[in-house]
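Tertiary structure, described
The primary structure of each chain is shown beneath.
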Amino acid sequence: MKVTLFQVIPIAALVLSVYALSTPPPPSLFAQEQQQQQTTSNYSFVTAWGSSGRAFGQFSQPFDVATDSAGNVYVTDSTALSNQVQKFTSDGTFILSWGSLGTGAGGFANPAAITIDSNGIAYVTDWGNAEQAVQKFTSDGSFLSMWGSTGLGEGRFITPGGVAVDSQGFVYVGDFGENNNIQKFDSDGNFILSWGSPGSNDGQFTNPAAIAIDSQGVIYVVDNGNDRVQKFDTNGNFLGKWGTSGSGDGQFNSPAGIAIDSSDNIFIVDRANDRVQVFDPNGNFITKWGSRGSADGQFNNPIGVAIGTDGRVYVTDEGNARIQVFSRGGG
């Protein structure tokens, strides 16, 4: 029996939030949703790589994806079978991997979100281990440092999730469970500030699943349990929001991943709707693609998304154990 990542989230987080990512929509809804999702998109399938397994280039449950300035692609594989980060060229050629099951330097319980800063430093959150919420590595996987401890308050986590780095090098980490907040650190892990609390009001969260930052320094948070995206400045001041529960344009069903392109368009992985939606910075709907399945351009539990230097869109297709790549016009 396949055990998903979402079945191993700590009980405290599950009790609080009844994490929506673990429950795809009933099969009876798929036909209706697929019909709604068959909208012409200016993004087309380019290629895919990966298969189920534990060899290099294979995945158990690919979770998040990130790219660096050289065009390399990094993927976290988040089960006890793998617990690693794999690095590929932009066309899916395997380069190297790092990580193993365990604690301490380079060990993971469940490597979750990953981001690469402008200097090529990789930051990885460990979903199942709040004692090492964030780990830092060089681009070849050499361990640099880590921080975090279990609990409430400054620099403490229940279930660390999304991570992003701004142009000044500050690191933002989302935390599920009793905290349900965003914490800001310097690049050495020194706590600076936090914002958010459990709830559905402006500035509150029910599972801040992913974080991205645009060219203006605006911070976008995927508020998974509330089926919305919220915007903040770098001090945590609320700027806006969009999204409601559903399967229409601009609606979400368990949104999971976020990425921003060079034009500040916002790409959201709408997980339980098995699609990607694209918005402008004000939350205006632009386009979408995807439906349930295993064919090219279809998804089975998509989670992470990243934009390459060439504008290509990389999506982790967890249920199909692969990475799919898209671009404008399929080029």
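Structural notes, computed from the coordinates. What you see is a predicted model; the values in this text were computed from it and never measured. (Residues numbered from 1 in each chain as written. Predicted model: local features only at pLDDT ≥ 70, side-chain atom pairs only at ≥ 80, totals over all residues. Heavy atoms only, no water.)

This part takes up the overall build of the protein. Secondary structure assignment for the protein yields two helices and 30 strands. Long-range contacts, defined here as pairs at least 24 residues apart, represent 47% of the contacts in the protein between residues at least 6 apart. Of the roughly 12,200 Å² that the protein leaves accessible, carbon and sulfur atoms contribute 47%. (Helix = DSSP H or I, 4+ residues; strand = E, 2+ residues; numbered from the N terminus. Contact = heavy atoms within 4.5 Å. Areas by Shrake-Rupley, 256 points an atom, 1.4 Å probe, with all protein chains shown as cover.)

To continue, consider unusual backbone geometry. Positive phi values are uncommon outside glycine, yet Asp274 reaches one of about 50 degrees. Mapping Asp274 onto the fold places it in the loop between β25 (266–270) and β26 (275–279). Located in the positive-phi region is Ala321, a residue other than glycine, with phi close to 50 degrees. Within the secondary structure, Ala321 sits in the loop between β29 (313–317) and β30 (322–328).

Read from one edge of the open sheet, four strands run β1-β30-β29-β28, paired in antiparallel fashion. This sheet does not close on itself; its edge strands, each paired only once, are β1 (43–49) and β28 (302–307). Taken over all neighbouring pairs, the strand axes of this sheet differ in orientation by 25 degrees on average, direction set aside. (Pairing = 2+ DSSP bridges. Axes fitted to C-alpha atoms, helices over the stretch in contact; angles between N-to-C directions.)

With that settled, the discussion passes to the packing of aromatic side chains. Summed over the entire model, instances satisfying the criterion amount to 28 aromatic pairs. Look at Tyr43 and Phe267: their rings are 5.5 Å apart centre to centre, the planes differ by 90 degrees, and that puts the pair in the edge-to-face class. Taken together, the residues span a long stretch of sequence, with Tyr43 in strand β1 and Phe267 in strand β25 at a distance of 224 residues. Relative to Phe326, the ring of Phe45 has its centre 6.1 Å away and its plane inclined at 75 degrees; by these criteria the two rings are edge-to-face. Linking Phe45 in strand β1 with Phe326 in strand β30, this pair joins segments that are 281 residues apart in sequence. Residue Phe326 is classed as buried on the basis of its relative accessible area, which comes to 1%. Taken together, the ring pairs connect Tyr43, Phe45, Phe267, Trp289, Phe299 and Phe326 into an aromatic cluster. The ring of Phe170 carries Lys184 above its face, with NZ or CZ at 4.6 Å from the centroid. (Phe/Tyr/Trp six-rings, centres within 6.5 Å; stacked < 30°, edge-to-face > 60°. Buried < 20%, exposed > 50% of the residue type's maximum accessible area, 1.4 Å probe, protein only. Lys NZ or Arg CZ within 6 Å of the ring centre and 35° of its normal.)

Applying the stated criterion to the full structure yields seven salt bridges. Residue Arg228 is joined to Asp223 by a salt bridge in which the shortest nitrogen-to-oxygen separation is 2.7 Å. Under the relative-accessibility criterion, Asp223 is labelled buried at 0%. Between Arg312 and Asp310 there is a salt bridge whose closest N-O contact spans 3.7 Å. Among the residues examined, Arg312 registers a relative accessible area of 22% and is labelled partly exposed. (Salt bridge = Lys/Arg side-chain N within 4 Å of Asp/Glu carboxyl O.)

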